[in-house]
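# Descriptive structure summary
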Amino acid sequence: MTVQQPPTAPDKGGFVHVRGAREHNLRDVSVDIPRDRLVVFTGVSGSGKSSLAFGTLYAEAQRRYLESVSPYARRLFQQMPVPEVDRIDGLPPAIALQQQRGGGSERSTVGSITTLSNHLRMLYSRAGTYPPGAPRLEAEAFSPNTPMGACPRCHGLGRIHDVTERSLVPDPSLSIRQRAVAAWPTAWQGQNLRDILITKGVDVDTPWQDLPKATRDWILFTEDTPTYPVYPGLTHAQVVQAIARGVEPSYQGTFSGARRYVLQTFAHSQSARMRQRAEQFMQSSDCPQCHGQRLNSAALAVTFAGRTIAQMTALPLEDVAQTLRHGTDSTAQDAVAIAARRIAEDMAARIDVLLGLGLGYLQMARGVQTLSPGEYQRLRLGTQIRSNLFGVVYVLDEPSAGLHPADTNALLAALQKLRDAGNSLFLVEHNLDLIRQAQWVVDVGPGAGTHGGTILYSGPLEGLRTVSASRTRGYVFASDTRTHSVPRTPGGWLRLEGIEWNNLHGLDIAFPLGVLSAVTGVSGSGKSSLVSQVLTQLATKAVGQKGPEHDENDTDTPGPATSEPQGHIAAGLEGIKRVAVIDQKPIGRTPRSNLATYTGLFDTVRKLFAATDLAQERGYDAGYFSFNVAKGRCPTCEGEGSTMVELLFLPSVYAPCPTCHGARYKADILEVLYRGRSIADVLAMNVEEAATFFADETGPAQSLSTLLRGGLGHLRLGQPATELSGGEAQRIKLATELQKQRRGHTLYILDEPTTGLHPSDADRLMEHLQELVDAGNTVIVAEHDMRLVAGVDWVIDLGPGAGNKGGRVVAQGTPADIARNPTSVTAPFLARHINDTKRPPAASP
């Protein structure tokens, strides 16, 4: 492999030497990467950047570290697969800070992942003001996650979940036979409960509201689980006669009250869908004992600087830092005062690092699940800066994700601080401003998938200017200013009034219809709250749609999971018939989901195979060609294509299925060929190959053409959804929408769609969005990429700051209007991308 290196020969002692890397699409890559530098890995989405940085360098560093750990301890790590590489020399220990949504339980908070909560509990334990006569509490007693500190009523969660008659029976005019008790399961189990009530003598045909209260309460709230004989289809009188004659019942049925059924399902069901259904009938409210503060009365009686620990953790971090600096006595020399000063100083210093990363608006009590990937990664980055490690390689996945350009300089300063402390920084990055600050660039490409995996250049940034094959080069060295078309004129306005949600208070706002709009503002200003939550929920409810399906691992929901934004749509609904939310969440939760199944392409392909002569002769319908159905899939691996070998203290190994050898199907199914290819052969094709293969089939050709235009030609049709990046998943969703060919009047909502996209892929995305608008639809994006914002028709800029300093409309108008607005933080960054013709400002709604 020939790699274009800089003219100066590298110092062999200060480099990481990679030889023969073959992870994923890497083509036997050999490259030298300097240590103690800010190194950026660039290339189009899917080119192999992450395969080199994370799949090879970090994976090998982790493997070497775990070699020094006891076999028992290794089992506690989430181990990456051993990388496919011949040799890596000069590799220091590595820490990965990847793009991921804040996982963990609902008890995980900003304070816990930054360790600030530990220090704060110690501060209250040692230096808090106690009520007269109260014993001093240990630090653990200030944690809602311990028996000593948790509120006994809600067990430290702050909220209680319960049901009421109204939530269980939404329409009391219905009878039990008409499913008045909506919370009960449908199908057989619901029928079973109804038949038990018939045996018991309850009139299941009387409207619920007319039944005696005692009967209603027993049906809904009894904790008993009595067993009754069941005679399906008989009336109560007939049941009594059958019992008197000694007729054997069909079975003995066990009754469960509606409340018991809902709470048991919510707490113990293995099915996310069942838990989600149960949650619909539950009501959540602040715990009446701790009032949502999660702690018991003893812990809440202790104060510091006049605040309880619950009040302190509810403050923005910037306010906490101020309180800590002014809340201790700087003159007292007793043990309590000295301890208070030391803890407060250390906490303030830790918070200062986070303030420098633009995270001062976060609260310690904020749940980790509510953080964006960018916020989560920057919190972890701040913790690493404070740790003062030396000689470490930090591998970061798009640290600029979710950052407004105004915050990028603070991020860069933090990264340089880590580097200056004697560490190496390897960044996978698309942000042009960060790339331009790199001391060394490794450009991977030239294309994606099988068209990538080659090192086009490795060296100082300026040397990339001469690499003609690089798709990054043209964006890094080109002028930022471009001429954009004249913005479209709105066809109406969607007006929202009285919005109350997170940091949006009493907000009235209007979105233009029939155009492409962008909502901008610094990180934490309220963009996602407005677009992804308020607008999405109000609009879907107004047009009679269900909101986006809630994933049990979804982390986009600041605030209680059961609370909803307040506000209403005052005008403009006549221009919206449908709402489509196109986000970066996975298109499937398991490896069985893939591009072909999500887009519907696989249904068409299976029908083509079922229509072949051999399939007709054998009686194979389309179901035989699904690896999710028993009649066609390999019985050994059940359609997985591989089997996992658990090695305990070593990473698990996946081997091809010994029966189907990875094909996923029974041998006789693979004998059916369509134009010389089996169904397994088709799933192994990438989109580009499949587009050529199915060029004469109208349905598949149209779908594949749309995917190709979205820059997804490198993806395999059967590639598991779990292997797709967030940006790839979002473009698959967008391509699926484009191929539906609806007749306009759809509202498309996207939250930071350029995250994870190379500038060339972002340009393709912009073309797709413009295509949707040209078809008579409305597109609204929350976005930080000023290249995209410069090309929209209308901009709503929120701010001026983050958290409680944001949530207001600072400016709105065309991109040129915003670029000239002196009050907008976004303006100077947007101005760099606009060829301003000094048009007069557009009229606001």
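Scroll up to find the structure this text is about.
Keep in mind that this is a model prediction, so the values were computed, not measured. (Residues numbered from 1 in each chain as written. Predicted model: local features only at pLDDT ≥ 70, side-chain atom pairs only at ≥ 80, totals over all residues. Heavy atoms only, no water.)

## Side note on the packing of helix α7 (residues 213-221) against helix α9 (residues 258-268)
The angle between the axes and the distance between the axes are what describe a pair of packed helices. We count it as follows: Each axis is a line fitted through C-alpha atoms, taken for helices only over the stretch in contact, and angles between the N-to-C directions span 0 to 180 degrees. Numbering of helices and strands runs from the N terminus; a helix is a DSSP stretch of H or I covering at least four residues, while a strand is a stretch of E covering at least two. Relative orientations are named as follows: roughly parallel for angles under 35 degrees, roughly antiparallel for angles over 145 degrees, roughly perpendicular for angles from 65 to 115 degrees, and oblique for any other angle. Note on contacts: a residue pair is in contact if any heavy atoms of the two residues lie within 4.5 Å. Three categories are distinguished: nonpolar for Ala, Val, Leu, Ile, Met, Phe, Trp, Tyr, Cys and Pro, charged for Asp, Glu, Lys and Arg, and polar for the others, with Gly belonging to the last.
Contact geometry of α7 with α9 gives a least axis separation of 4 Å together with a crossing angle of 20°. Considered as vectors, α7 and α9 are oriented roughly parallel to each other. Residues Ile-219, Leu-220 and Phe-221 of α7 touch α9, and the partners they reach there are Ala-258, Arg-259 and Arg-260. Taken together, the residues that form the contact of α7 with α9 break down as four nonpolar, no polar and two charged.

## Looking at the packing of aromatic side chains
What counts, and what does not: Working definition: rings of Phe, Tyr and Trp (its six-membered ring) pair if their centres are within 6.5 Å, and the pair is stacked with planes under 30 degrees apart, edge-to-face with planes over 60 apart, and tilted otherwise. Burial classification: accessible surface area is computed with a 1.4 Å probe over protein chains only, and a residue below 20% of its type maximum counts as buried, one above 50% as exposed, and the rest as partly exposed. Note on criteria: charge over ring means Lys NZ or Arg CZ within 6 Å of the ring centre, with the direction from the centre no more than 35 degrees off the ring normal.
This model, assessed by the stated rule, comprises 17 aromatic pairs. For the pair Tyr-674 and Phe-694, a centre-to-centre distance of 6.0 Å together with 20° between the ring planes defines the contact as stacked. Of this pair, Tyr-674 sits in the loop between α23 (667-670) and α24 (679-684) while Phe-694 sits in the loop between α25 (687-693) and α26 (698-709), placing them 20 residues apart in sequence. Overall, Tyr-674 belongs to the buried group, its relative accessible area being 11%. By the ring-pair criterion, three or more aromatic residues cluster together here, those being Phe-609, Tyr-620, Tyr-624, Phe-625, Tyr-674, Phe-693 and Phe-694. Across the ring face of Phe-602, the terminal group of Arg-606 is positioned such that the distance to the ring centre comes to 5.4 Å.

## Observations concerning the pattern of salt bridges
Heads up, the condition is: For this analysis, a salt bridge means a side-chain nitrogen from Lys or Arg found within 4 Å of a carboxyl oxygen belonging to Asp or Glu.
Counted under the stated rule, the structure contains 35 salt bridges. Residues Asp-793 and Arg-488 are paired through a salt bridge, measuring 2.7 Å at the closest nitrogen-oxygen approach. Pair noted here: Asp-793 is in the loop between α29 (786-789) and β25 (794-799) and Arg-488 is in the loop between α18 (473-476) and β16 (493-501), with a separation of 305 residues, a long-range link. Owing to a relative accessible area of 5%, Asp-793 belongs among the buried residues under this scheme. The structure contains a network of salt bridges with shared partners spanning Arg-22, Asp-28, Glu-84 and Asp-86.

## Describing the sheet that holds strand β2 (residues 29-34)
Selection criterion: When DSSP finds two or more bridges between two strands, those strands count as paired.
Spatially, three strands are ordered β2-β1-β4 in an open sheet, and the strand pairing comes out antiparallel. Since the sheet does not close on itself, it has two edges, and those belong to β2 and β4 (87-89), each with one partner. Direction aside, the axes of adjacent strands within the sheet are offset by 5° on average. Both strand β1 (residues 15-21) and β4 contribute to a ladder of three bridges, which runs antiparallel.

## So, unusual backbone geometry
Apart from glycine, the bulk of residues carry a negative phi angle, and the bulk of peptide bonds sit in the trans form. Between Gly-445 and the following residue, Pro-446, the backbone shows a cis peptide bond with an omega angle of 5°. Relative to the assigned elements, Pro-446 resides in the loop between β14 (440-445) and β15 (454-459). Across the junction of Gly-799 and Pro-800, the peptide omega takes the value 5°, indicating a cis bond. Although it is not a glycine, Glu-398 sits at a positive phi angle of roughly 45°.

## Concerning helix α21 (residues 601-610)
Counted residue by residue, α21 has seven buried out of ten residues, so it is predominantly covered. On its buried face, α21 sits against α20 (595-599), α22 (613-618), α24 and α26.

## Looking at the sheet that holds strand β17 (residues 504-512)
Strand order in the open sheet formed by three strands is β17-β16-β19, with antiparallel pairing between adjacent strands. A strand with exactly one partner marks an edge of an open sheet, and here the two such strands are β17 and β19 (566-571). Sheet twist, expressed as the mean angle between neighbouring strand axes with direction ignored, is 15°. Relative to β17, β16 runs antiparallel, the two being bridged by seven bridges. Among the inter-strand pairings, Ile-499 is bridged to a residue of β17, identified as Leu-507. Sheet strands touched by helix α19 (residues 527-542): β16, β17 and β19. Its angle to β16, the strand with the most contacts, is close to 115°.

## Points about helix α1 (residues 49-67)
Inclusion rule: What a helix is expected to span follows from its residue count: subtract one and scale by 1.5 Å. Bend is computed residue by residue as the angle between axes fitted to the seven residues ending at the residue and the seven residues starting at it.
For α1, with 19 residues, the first-to-last C-alpha span of 26 Å sits near the 27 Å given by 1.5 Å per residue. The largest bend along α1 measures about 30° and falls at Ala-59. Burial analysis of α1 places 14 of its 19 residues in the buried class, which makes it a mostly covered element.

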